[in-house]
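For reference, the chains in residue letters:
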Amino acid sequence: MIDFQTEQTERTEQTEQTEQTKPMSTDAAASDDVLSEENCADQDIREDILETTLRLFNRKGMKFTMDDLAKELHRSKKTLYVYFPDKKHLLYEMVDYIFDSIKEDEQKVYEDREMDIVNRVRKILGVMPDRYQNVDFRQLYDLRDKYPSVYRHLKERLESGWESTVELLKEGMRQGRI
């Protein structure tokens, strides 16, 4: 009986392995392409919502509403809630969106070996994507009272992710340029 169970287990494992290595049918591949396009479209809509939220936040501070956002986007409020369950989640993701963009630009500067170390340090310390040049970041501190969890997240993002900058400074000191 034990041999039977072992044999059955081995057959099951072989079947699972065979199914995992089977080439995908053209229908399944086409289905994945459609899903990929939908994900791209969803990502574009999310980015559009986040960019518009940022503009509204800069203009109105915490006083912007989901109605304001829907009007600005020429979309229904229902559509906004498909992507963000509430204003708190939207603001939380807006914080991530801003900091992720800044970190992407920092990474480009960090990896640019054509620029000398002093200019890389200057540039990385002042990195701010063009689209955020007009953002009044002081308004983000208004989150502290109305959305304390979003504010804590903002603080975490401000206080973390400095490793590349520290490494760049150390490299400059090792070279005797800083």
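Above this text is the structure in question.
Here the structure is a predicted model, which is why all the values come from computation and not from measurement.

Visitor: So, the overall build of the protein chain: which residues are in play, and what are the values?
Guide: Tallying secondary structure elements over the protein chain gives nine helices and zero strands in all. In sequence order, the secondary structure elements of the protein chain are arranged as α-α-α-α-α-α-α-α-α. The buried share of the protein chain, reckoned over its 178 residues, is 32%. Restricting to contacts in the protein chain with at least 6 residues of sequence separation, those with at least 24 account for 66%. Carbon and sulfur atoms form 49% of the exposed surface of the protein chain, whose accessible area is close to 12,300 Å².

Visitor: So what's going on with the packing of aromatic side chains? Which residues, and what values?
Guide: Across all of its chains, the model carries one aromatic pair by this definition. A cation over a ring is seen here: Lys87 above Phe64, with NZ or CZ 4.4 Å from the ring centre. Above the ring of Tyr151, the side-chain terminus of Arg144 is found at 5.3 Å from the ring centroid.

Visitor: Before we move on, could you go through a negative patch on the surface and cite the residues and values that matter?
Guide: Taken together, the side chains of Asp44, Glu47, Asp48 and Glu104 present a region of like negative charge at the surface. Per-element tally for the negative patch: the top contributor is helix α2 (residues 26-60), with three residues. Mapped onto the elements, Asp44 comes out in helix α2.

Visitor: Give me the environment of Glu106: which residues, what numbers.
Guide: Its place among the elements puts Glu106 in helix α5 (residues 87-111). The spacing of Glu106 and Lys123 is 17 residues in sequence and 8.3 Å in space, taken between C-alpha atoms. When residues no more than four places from it in sequence are discounted, the contact partners of Glu106 are Ile124, Val127, Gly161 and Thr165. A distance of 3.1 Å separates the side chain of Glu106 from the side chain of Lys103, its partner in a polar contact.

Visitor: Before we move on, could you go through unusual backbone geometry and cite the residues and values that matter?
Guide: You will see that His74, though not glycine, has its phi angle at about 60°, which is positive. Relative to the elements of secondary structure, His74 occurs in the loop between α3 (66-73) and α4 (77-83).

Visitor: Pulling in residues and values, what's your account of the pattern of salt bridges?
Guide: Pairing between side chains of opposite charge can happen when the charged atoms of each approach one another. Taken as a whole and assessed by the stated rule, the structure comprises 11 salt bridges. For Asp116, the salt bridge is made with Arg177, and the minimal N-O distance between the two is 3.3 Å. Placement of the pair is Asp116 in the loop between α5 and α6 (117-125) and Arg177 in the segment after α9 (163-174), with a sequence separation of 61 residues. Overall, the relative accessible area of 44% leaves Arg177 in the partly exposed class.

Visitor: Give me the packing of α5 against helix α8 (residues 148-159): which residues, what numbers.
Guide: As a packed pair, α5 and α8 sit with axes 9 Å apart at the nearest point and diverge in direction by 10°. Taken together, the axes of α5 and α8 are roughly parallel relative to one another. Seen from α5, the contacting residues are Lys88, Leu91, Tyr92, Val95, Asp96, Phe99, Asp100 and Lys103; seen from α8, they are Ser149, Val150, His153, Leu154, Arg157 and Leu158. Among the residues forming the contact of α5 with α8, the class breakdown is seven nonpolar, two polar and five charged.

Visitor: Break down the nonpolar core for me, citing the residues and quoting the values.
Guide: In this structure, Ile49, Leu69, Leu90, Leu91, Met94 and Leu143 are the most contacted members of the largest nonpolar core, which totals 37 residues. Among the secondary structure elements, those contributing two or more residues to this core are α2, α3, α4, α5, α6 and α8. Considering every element that reaches this core, the biggest residue donor is α5, with 10 residues. Dropping the residues within four chain positions of it, Leu143 is found in contact with Met62, Leu91, Val95, Pro148, Val150, Tyr151 and Leu154.

Visitor: Which residues make up the environment of Tyr151, and what are the values?
Guide: Residue placement: Tyr151 occurs in helix α8. By relative accessible area, Tyr151 is classed as buried at 12%. Once the C-alpha coordinates of Tyr151 and Leu140 are considered, the two residues, 11 residues apart in sequence, prove to be 7.7 Å apart. Residues in contact with Tyr151, not counting those within four places in the same chain, are Leu140, Tyr141, Leu143 and Arg144.

Cut-offs used in this document
Position numbers for residues count from 1 along each chain, tracking the sequence in the order it is written. Local features in this predicted model are restricted to residues whose pLDDT is 70 or higher, and side-chain atom pairs enter the listing and the counts only when it is 80 or higher, whereas totals over whole chains, interfaces and linings include all residues. Calculated side-chain values reflect all of the structure's heavy atoms, with hydrogen atoms and water omitted. Helix and strand assignments follow DSSP, with helices taken as H or I runs no shorter than four residues and strands as E runs no shorter than two, numbered in order from the N terminus. Exposed residues in this analysis have more than 50% of their type's maximum accessible area, buried residues have under 20%, and partly exposed residues fall in between, with area computed by a 1.4 Å probe over protein chains only. Pairs of residues are marked as contacts when any of their non-hydrogen atoms sit within 4.5 Å. All accessibility values rest on the Shrake-Rupley procedure with a 1.4 Å probe; residue burial counts only the protein chains present in the view. Note on aromatic pairs: the rings of Phe, Tyr and Trp (six-membered ring only in Trp) are paired at centre separations within 6.5 Å, and the planes decide the class, stacked below 30 degrees, edge-to-face beyond 60, tilted for the rest. By definition here, charges over rings are those cases where NZ of Lys or CZ of Arg is within 6 Å of the ring centre and within 35 degrees of the ring normal. Patches here are clusters of residues that have more than 30% relative accessible area and form no salt bridge, with a 9 Å joining cutoff for like charges and a 5 Å cutoff for nonpolar side chains (Val, Leu, Ile, Met, Phe, Trp, Tyr). The salt bridge definition used is simple: a Lys or Arg side-chain nitrogen within 4 Å of an Asp or Glu carboxyl oxygen. Charged residues are defined here as Lys and Arg on the positive side and Asp and Glu on the negative side; His and the ends of the chain fall outside this count. Note that the charge is assigned to NZ on lysines, CZ on arginines, CG on aspartates and CD on glutamates. Each polar contact in these results corresponds to two N or O atoms within 3.5 Å; when the atoms are within protein, one needs to be able to donate a hydrogen and the other to accept it, and residues that are neighboring in sequence are counted only if both atoms are side-chain atoms. Note on definitions: angles span 0 to 180 degrees between N-to-C directions of axes, and those axes are lines fitted to C-alpha atoms, for helices only across the stretch in contact. We call two directions roughly parallel when the angle between them is under 35 degrees, roughly antiparallel when it is over 145, roughly perpendicular when it lies between 65 and 115, and oblique otherwise. Any residue outside Ala, Val, Leu, Ile, Met, Phe, Trp, Tyr, Cys, Pro, Asp, Glu, Lys and Arg is labelled polar, Gly included; the first ten of those are nonpolar and the last four are charged. Joining through side-chain atoms within 4.5 Å is the link that ties buried Ala, Val, Leu, Ile, Met, Phe, Trp, Tyr and Cys residues into a set, and such a set is a nonpolar core.

That's the geometry; what it means functionally is another story.
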